[in-house]
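# Structural description and commentary
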Amino acid sequence: MKVTVVGAGAVGASCAEYIAIKDFASEVVLLDIKEGYAEGKAMDLMQTASLNGFDTKITGTTNDYSKTAGSDIAVITSGIPRKPGMTREELIGINAGIVKTVSSSLIEHSPNAIIIVVSNPMDTMTYLVHKTTDLPKNRIIGMGGALDSARFKYRLAEALGAPISDVDGMVIGGHSDKGMVPLTRLATRNSVPVSEFISDERLEQVAADTKVGGATLTGLLGTSAWYAPGAAVSGLVQAIACDQKKIFPCSTLLEGEYGLNDLCIGAPVVLGRNGIEKIVEIELSDAEKAKLAESAEGVKKTNGLLEL
Ligand code: NAI
């Protein structure tokens, strides 16, 4: 299993590290345009191998796509992250050009790869890959919901005073502060609805804190976060590489599912060796449907800024 990660910055390197530590891939190639940067990150990570006990071989390259040839999975993290006060949508001008060039170079050298898009605004960047390549929809996956759901579970555990391993919950919809739809009604603590333990007001606060999870960290760090994003990507990569058939909310091209068409947005999907093997349609309440429809409108508005 060969995995390429384009962009050896904060998220790309974190993602490579988690993939290596989980030790399921034979090779991870980091690629960046900054001279020597990916090579340096790869060497530093390889020097953790004996300490962390993994055999995954990590190499780095400055923009030489021949080194990525034959990748089974390729992750796109190249592009600029947001600064405090910025929205993800504001990154479109620079990142659209980068994602378009990078995806075409990746596919040229790895025609069978499954692509995971991370660069923001992620739903629109995922849609851009659909529009500018001829890859089938199961092989284009946007990562956002897996991270947002992890942030939701963190906030749920905090509100419940419970260990994170005891809680479950999912965030669907667009990967933006306004567009996320944390499914509070379906969140559970060890299979008991969380509404049995906390008030509606507290649950609403959990949802609100989840939606600004990324912005909160950007305010604290001065740039966007990387540990949880890297871990979330590695979870998707592992599910595909190990054919786990796990359900994650991912940005995927909808063609009628949830009453939506011609956009990529977060919905529960089954991930396995073929990428997105199934889009899972769950029964939503009217309020949830309305929130998802509003979120879709926001994503479509951002898609409208693409020069296709
Ligand atoms: P970063 O600035 O640390 O790293 C980005 C890297 O991309 C840099 O090393 C840069 O040299 C490289 N790069 C730029 N253009 C390139 C090109 N054409 N080819 C190859 N490499 C290129 O940024 P960070 O924090 O790693 O974030 C990366 C992206 O991921 C941002 O757009 C950010 O908004 C997004 N992000 C998305 C998340 C999600 O849940 N979908 C979560 C966190 C970040």
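All of these numbers come straight from a predicted model, not from anything done at the bench.

Across all of its chains, the model carries one aromatic pair by this definition. Centre to centre, the rings of Trp 226 and Tyr 227 are 5.6 Å apart; their planes meet at 50°, and the pair counts as tilted. According to the relative accessible area criterion, Trp 226 is partly exposed, its value standing at 26%. A cation sits over an aromatic face here: Lys 34 above Tyr 37, 4.0 Å from the ring centre.

What follows concerns the UniProt feature "domain: Lactate/malate dehydrogenase C-terminal" (unreviewed entry) in the protein. Mapped onto this numbering, the UniProt entry gives "domain: Lactate/malate dehydrogenase C-terminal" (unreviewed entry) at residues 147–301. For residues 147–301, the helix share is 43%, the strand share is 25%, and the end-to-end C-alpha distance is 23 Å.

Residues in contact with the ligand amount to 29 residues; listed here are only the nearest, Ala 10, Val 11, Asp 32, Ile 80 and Met 143. In the environment of the ligand, an oxygen atom lies 2.9 Å from a nitrogen or oxygen atom belonging to the backbone of Ala 10. Contact distances for the ligand include 2.9 Å between an oxygen atom and a side-chain N or O atom of Asn 120. Here the ligand loses 88% of its free accessible area of 870 Å² to cover by the protein chains. Taken together, the elements giving at least two residues each to the shell around the ligand come down to α1 (10–22) and α4 (92–109). Considering every element that reaches the shell around the ligand, the biggest residue donor is α4, with three residues.

Reading the values: rules and limits
Residues numbered from 1 in each chain as written. Predicted model: local features only at pLDDT ≥ 70, side-chain atom pairs only at ≥ 80, totals over all residues. Heavy atoms only, no water. Phe/Tyr/Trp six-rings, centres within 6.5 Å; stacked < 30°, edge-to-face > 60°. Buried < 20%, exposed > 50% of the residue type's maximum accessible area, 1.4 Å probe, protein only. Lys NZ or Arg CZ within 6 Å of the ring centre and 35° of its normal. UniProt positions renumbered as here; feature names shortened; annotations may be inferred. Helix = DSSP H or I, 4+ residues; strand = E, 2+ residues; numbered from the N terminus. Near = heavy atom within 4 Å. Polar contact = N/O pair within 3.5 Å; in protein donor to acceptor, adjacent residues only side chain to side chain. Areas by Shrake-Rupley, 256 points an atom, 1.4 Å probe, with all protein chains shown as cover.

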